Amino acid sequence: MRDVIVIGAGGGGPVVAKELAAQGLDVLLLEAGPRNAHPRENWTTYEDDANNPLTGYLRWGPSDRSKPAWYREWPQNSFVWQLSGVGGTTQHFYGNYPRAYPGVFEGYDGADKSGYDVDHRFPFTYGEMVPYFEWVEATMPVMTAAMGHKEQTFFRGAETLGLPVQTTKTTHHPAYRPQENAILQPGGTAGKTADPKLLNHPQATGCTFCGYCFQGCMRPKGAPRNQFAKRSTDNSYVPMALTADVWARGGKPVTLVADAFVTRVHAEKKHGVLTATGVTWRSGDVEHREDAKVVVMSGGCTENPRLWMNSGLPNPNGWVGRGYTDHFFDWVFGVFDDYTGNPKGVGSSARLDYPPYGGLENVGLPPALAAFAGTLSDSGIRGQYKNGRGQTGPWDGPAGRVMGPELKEVLSHGIDHLLSVLVITDDDVEAQNRVTLSALPADENGPIPKVAFKQRQRTARTLRNREFMARKAAELLRGAGAKKVYRIDWAPLILHVQSSMRMGSSERNSVVDPTGETRAVKGLFIGDNSALSNGLGGPNPTLTSQALATRTAENIFKTYFGGDPWVRSSAPVVSTDPRISVRLGQLGL
Amino acid sequence: MARAGTLSRRAFLARVGILGAAVGSGGVLARSLLAPADAATNPLLPPAVDLIRPVLAELARDTMNGLTVFAMPGPDAYSRTQGTPSRTPGAIEAGATDFIINSLDNFVPFPDELAQPIGAALVTGLADSGIELPGLDVLPVQLHSLDKALAAYLESDEALPLSFPIAGLLNLMATQVNPLAVNGPHLSPFARLSYAEKAQAFELIEKTDADLVALLDVHFPEPLKDSVSGLLKFVGGALIEFATFGAYGESAVYDKVRRTLRKRPVGWTATGYQPDGPVEGWDDFIGYYQGRQEVHD
Ligand SMILES: Cc1cc2nc3c(=O)[nH]c(=O)nc-3n(C[C@H](O)[C@H](O)[C@H](O)COP(=O)(O)OP(=O)(O)OC[C@H]3O[C@@H](n4cnc5c(N)ncnc54)[C@H](O)[C@@H]3O)c2cc1C
Ligand code: SF4
């Protein structure tokens, strides 16, 4: 019998695990996918080897790469890009850590307050969230991003839009700025040389500008795991969780089990109230079961609803899996005569926030991913067919796939003469966008999830916001000097995931109550992006999700273990702490 | 849909490409293999399943060649047929066809429960298109043998390689767009299309809904039926995205054992990506915007 079992070691699970381990609880952390404990031995920097969603070392699938990926159904042209493995989807993320916009919280009273998804706010105030933001920002740590050429190009364009520069953590109004990134900024030789002999730790510290964030960060070479530049949870919260005894007084290291796919959450009536009692998981063909006082679901926005349904847990208001938000991304890129530094440095280090419409960020990509990004569209093929869409605007020609001869011409101009802008939409929580169980055959872990996004039938506000931000992206690229600007009109590319098990004040349209506990099952909490109340207005979700998970960890400790909260009364330990590095070394990690 | 007669049966097999790949000019099978006299007299004749397997494999490969040059044309014959030849290496040189076939056949976790009925539909479907099939005359006996071989193959325990129904789908669409594509250079109708016609074929797949599913005339058990048209939309998009990803990626020259590259990938040369190969870092750090290294509320 454990104190707490956490399901999933992605963006959220390790946060709950680390926080409760620091309080001395006995925590079991179960992860469905592999543990990439020695990335230098298993990883490369190649796109197909890393990112092929079917076969790559960063995929949604089992550890054994000769086995197929795990199957999911999505009944539309779209792509759900989540990863299994310790670190979860943060293994290939970019570490962009902006805070949610204040306008998505209860009690917001700004002039633009009616411009947000007012029916689906967080059930507490932005002010209440701030200490949790600060706690995570200090733990990671989050830093103002350094500038490379692709940022310089982005800023050149942003400067033409008549917007101010944001110099605060909180976004109060439309503005642009360097990203606040969960990335250790370059120190020593890092960022200043391409000579590999000069890029070993500790001569180089922090980000070396290698440009391989999407392939997983294992730099600088020779650094201890908790001092790799990018603060994916496998480099930050997981090392902390495993070493809680050395940096937290009374801390107890978390037990981490990889290749452990949870197939069932158990619950039974206790004193007439349905209460979680434990979980069953599969390792290979062997089933295991353990019980715990508290169970935390952190399997992500797609798997949590699946696990809930496969466990036969009640869903009285029908909102399990509903209200999935994805920032309804779009992709606009420019071709430049000048060098843009596109595939170098962190995936993104510059952004523009535009509440209450959404935002923009620059994104650097290597060739195969750039080609993929240029051909994922709901608008057919430019110059050939429009699939009923093909919007026109300040970009060149109709929106649609850039492919075949046109793609070759664009990319042959030089991958480092492109600049891509990710269009991020402040999208509404909508019941129709949801996870259900698929009618297709089950896999070894049970019936599979079906992720439905009705991209063409989204709310008027969502559609308007997307068009608005796509125009801003094109204007920015023109301002930066692009000779040609393309809009792809992406089919849903589901990378930013939120709110499929949402927290809310109303019993009618939320799964989780304002403390983070599920309404239907006591002792069962949600600790990841799926608990977010909405799409945050557009900011990348992980900081807010981790802040919320920290708050939920406090609530678990208070409610079930009689403890006191700690965020307002103590100082966080930074995840790069040398004590953690030393212990990782002793553990052979 | 009309009842299957010899004529419509022939048309359908021609449209999914099987007939041409089997017995068209350049086809994989000697016509005599399909002559029943041989079967009776020649004990060395391979069993039907072995007869049809290479036909389907070659057909799939040819179709996928047509697809990958659609994603990234080069100096090859398929790009020429498509009408967009290019002097610099393209998808064929990048090994994108192997990439896509390997992905489809070995890694797409596509349930057999769906692949099987789609595959079956593609060889037993009853699409009577009334299309003339110049140059593809086959004797009823040959057709019959081919059919028997296909049926035997589908009934065997062998998992159906996904590249086969996918190729069938592309070829069926190809002949919808241009009926004359049943005949010509290459083995498959899809590879015979122009660039614009290939785009039209994808337009049909992406539009999907009832039309295509009806054309396939696949009898999926409920509740799978609902999933099929959505799935086809996904397949249409994914084929394009995967073909491009494969064409610009390193898979063909990647040495899995040594975890290094045997050669510089075509996509790297085409785009100028990391001219000296993988790096530990770049000297691209300019400084901090407006000199600001920290922000506070
Ligand atoms: C390309 C890309 C770039 C991104 N960049 C950014 C960025 O810069 N900033 C940002 O804030 N966000 C970014 N994101 C989003 C970010 O990755 C997510 O916000 C974050 O990973 C979500 O955390 P999570 O815990 O909800 O889910 P995940 O990280 O997906 O973790 C879920 C984990 O649970 C495991 N799991 C699932 N089901 C089970 C089960 N039944 N049993 C056991 N384990 C299970 C999974 O294997 C996985 O490890 C990016 C995403 C992508 C795809
Ligand atoms: S660019 Fe920086 S953060 Fe990204 S992988 Fe390289 S070293 Fe890590």
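Definitions and limits used
- In this numbering scheme, every chain counts its residues from 1 along its sequence in written order.
- The order in which chains are written sets their letters, starting at A; the order in which ligands are written sets their numbers, starting at 1.
- Reporting in this predicted model follows two pLDDT cut-offs: at least 70 for local features of residues, and 80 or more for side-chain atom pairs to be given and counted; totals over whole chains, interfaces and linings ignore these cut-offs and use all residues.
- Processing note: side-chain calculations cover all non-hydrogen atoms of the structure and skip hydrogens and water entirely.
- A run of H or I in DSSP becomes a helix once it reaches four residues, and a run of E becomes a strand once it reaches two; helices and strands are each numbered from the N terminus.
- Only protein chains enter the calculation, and the probe is 1.4 Å; a residue is then buried if its accessible area is under 20% of its type maximum, exposed if over 50%, and partly exposed in between.
- Throughout, a contact is declared for two residues whenever any of their heavy atoms are within 4.5 Å.
- Only the protein chains shown count as covering a residue, and every accessible area follows the Shrake-Rupley method with a 1.4 Å probe.
- UniProt positions are given in the numbering used here, feature names are shortened, and annotations may be inferred rather than shown by experiment.
- Defined here as a combined quantity, buried area equals the accessible surface (1.4 Å probe) lost by two parts on assembly, summed across both.
- Here, a salt bridge means any side-chain nitrogen of Lys or Arg that lies within 4 Å of a carboxyl oxygen of Asp or Glu.
- Whenever two N or O atoms come within 3.5 Å, that pair is a polar contact, provided that in protein one can donate a hydrogen and the other can accept it, and provided that, for residues adjacent in sequence, both atoms are side-chain atoms.
- Each residue is assigned to one of three groups, with Ala, Val, Leu, Ile, Met, Phe, Trp, Tyr, Cys and Pro labelled nonpolar, Asp, Glu, Lys and Arg labelled charged, and all others, Gly among them, labelled polar.
- By convention in this text, a residue qualifies as near a molecule or strand provided that one of its non-hydrogen atoms is within 4 Å of it.
- An automatic or database domain assignment supplies the start and end points of every domain.
- Between N-to-C directions, angles cover 0 to 180 degrees, with each direction set by a line fitted to C-alpha atoms, over the stretch in contact for helices.
- Each angle receives one of four descriptions, namely roughly parallel if under 35 degrees, roughly antiparallel if over 145, roughly perpendicular if within 65 to 115, and oblique otherwise.
- Should the near helix be turned anticlockwise from the far one by less than a right angle, the crossing is termed left-handed; should it be turned clockwise, right-handed.
- Pairing between two strands is assigned when DSSP locates at least 2 bridges connecting them.

A. Region of interest: the overall build of chain B. Helix and strand counts for chain B come out as 13 helices and 2 strands. Burial analysis of chain B (297 residues in total) assigns 56% to the buried set. Counting only contacts in chain B whose residues sit at least 6 apart along the sequence, the fraction spanning at least 24 positions is 69%. Roughly 12100 Å² of accessible area belongs to chain B as shown, and the carbon and sulfur atoms make up 55% of that amount.

B. Structural context of the UniProt feature "domain: Glucose-methanol-choline oxidoreductase N-terminal" (unreviewed entry) in chain A. Within this numbering scheme, the UniProt entry marks residues 178–328 of chain A as carrying the feature "domain: Glucose-methanol-choline oxidoreductase N-terminal" (unreviewed entry). A distance of 23 Å separates the end C-alpha atoms of residues 178–328 of chain A, which is 14% helix and 28% strand.

C. Structural context of the UniProt feature "domain: Glucose-methanol-choline oxidoreductase C-terminal" (unreviewed entry) in chain A. Under the UniProt annotation, the feature "domain: Glucose-methanol-choline oxidoreductase C-terminal" (unreviewed entry) is placed at residues 431–549 of chain A. Helix makes up 24% of residues 431–549 of chain A and strand 14%, with an end-to-end C-alpha separation of 24 Å.

D. View of the interface of chain B and chain A. The partner chain A presents 94 residues to the 74 residues of chain B that form the contact. Taken together, both faces of the contact between chain B and chain A bury some 7000 Å²; the carbon and sulfur share is 62%. The largest contributions to the chain B side of the interface with chain A come from Phe245(B), Glu280(B) and Tyr289(B), which together make up 13% of the buried area. At the boundary of chain B and chain A, one finds 4 salt bridges. The shortest N-O distance in the salt bridge between Asp297(B) and Arg99(A) comes to 3.3 Å. Run the count over chain B and chain A and you get 35 residue pairs in polar contact (both at pLDDT 80 or more). Every element with two or more residues in the side of chain B that touches chain A is listed here: α4 (48–71), α6 (96–107), α7 (112–124), α10 (195–207), α12 (225–248), β2 (260–261) and α13 (266–271) of chain B. Top element by residues in the side of chain B that touches chain A is α12(B). It accounts for 12 residues. Split into classes, the residues belonging to the side of chain B that touches chain A amount to 37 nonpolar, 23 polar and 14 charged.

E. Molecular detail of the site of ligand 2. Residue and element names in this part refer to chain A. As a matter of local geometry, ligand 2 sits amid Cys207, Thr208, Cys210, Gly211, Tyr212, Cys213, Cys217, Arg219, Ala229, Lys230, Gly345 and Val346. When its residues are assigned to classes, the shell around ligand 2 shows 7 nonpolar, 3 polar and 2 charged. Mapping the shell around ligand 2 onto the domain boundaries places at least three of its residues in each of domain 1 (2–37 + 55–183 + 230–252 + 323–579) and domain 2 (184–224).

F. Broad picture of the packing of helix α1 (residues 13–22) of chain A against helix α12 (residues 542–561) of chain A. Residue and element names in this part refer to chain A. At a minimum axis separation of 9 Å, α1 and α12 run at an interaxial angle of 40°. Relative to α12, α1 is oriented oblique. Of the two possible hands of crossing, α1 and α12 adopt the one that is right-handed. Note on element contacts: α12 touches α1 through Gln546, Ala549, Thr550, Ala553, Ile556 and Phe557, opposite Val15, Val16, Glu19 and Leu20. Grouping the constituent residues of the contact of α1 with α12 by class yields 7 nonpolar, 2 polar and 1 charged.

G. Broad picture of the pattern of salt bridges. Residue and element names in this part refer to chain A. In total, this model carries 44 salt bridges over all chains according to the counting rule given. A salt bridge links Asp443 to Arg306, with the shortest nitrogen-to-oxygen separation between them at 3.0 Å. With a gap of 137 residues between them, Asp443 in the loop between β17 (434–437) and β18 (449–452) and Arg306 in helix α8 (residues 300–310) connect regions that are remote in the sequence. You'll find Asp443 and Arg306 in the same group, each marked buried. The salt bridge involving Asp396 is made with Arg478; its shortest N-O contact spans 3.2 Å. Residue Asp396 is found in the loop between α9 (367–375) and α10 (404–412), and its partner Arg478 is found in helix α11 (residues 460–479); the two are separated by 82 residues along the sequence. If you follow the salt bridges from partner to partner, you end up with Asp330, Asp378, Arg389, Arg456, Arg466, Glu467, Arg487 and Asp489 in one network.

H. Molecular detail of the sheet that holds strand β16 (residues 418–425) of chain A. Residue and element names in this part refer to chain A. The 6 strands lie next to each other as β5-β14-β15-β16-β13-β19, forming an open sheet whose pairing is antiparallel. In this open sheet, the two strands that pair with only one neighbour each are β5 (175–178) and β19 (484–487). Ignoring strand direction, the axes of neighbouring strands in this sheet form an average angle of 20°. Looking at chain direction, strand β15 (residues 358–363) and β16 are connected through 6 bridges and run antiparallel. Its bridge partner lying in β16, Gly358 is registered against Thr425. Sitting on the sheet, helix α5 (residues 149–158) touches β5, β14 (350–354), β15 and β16, and the angle it makes with β14 is about 30°.

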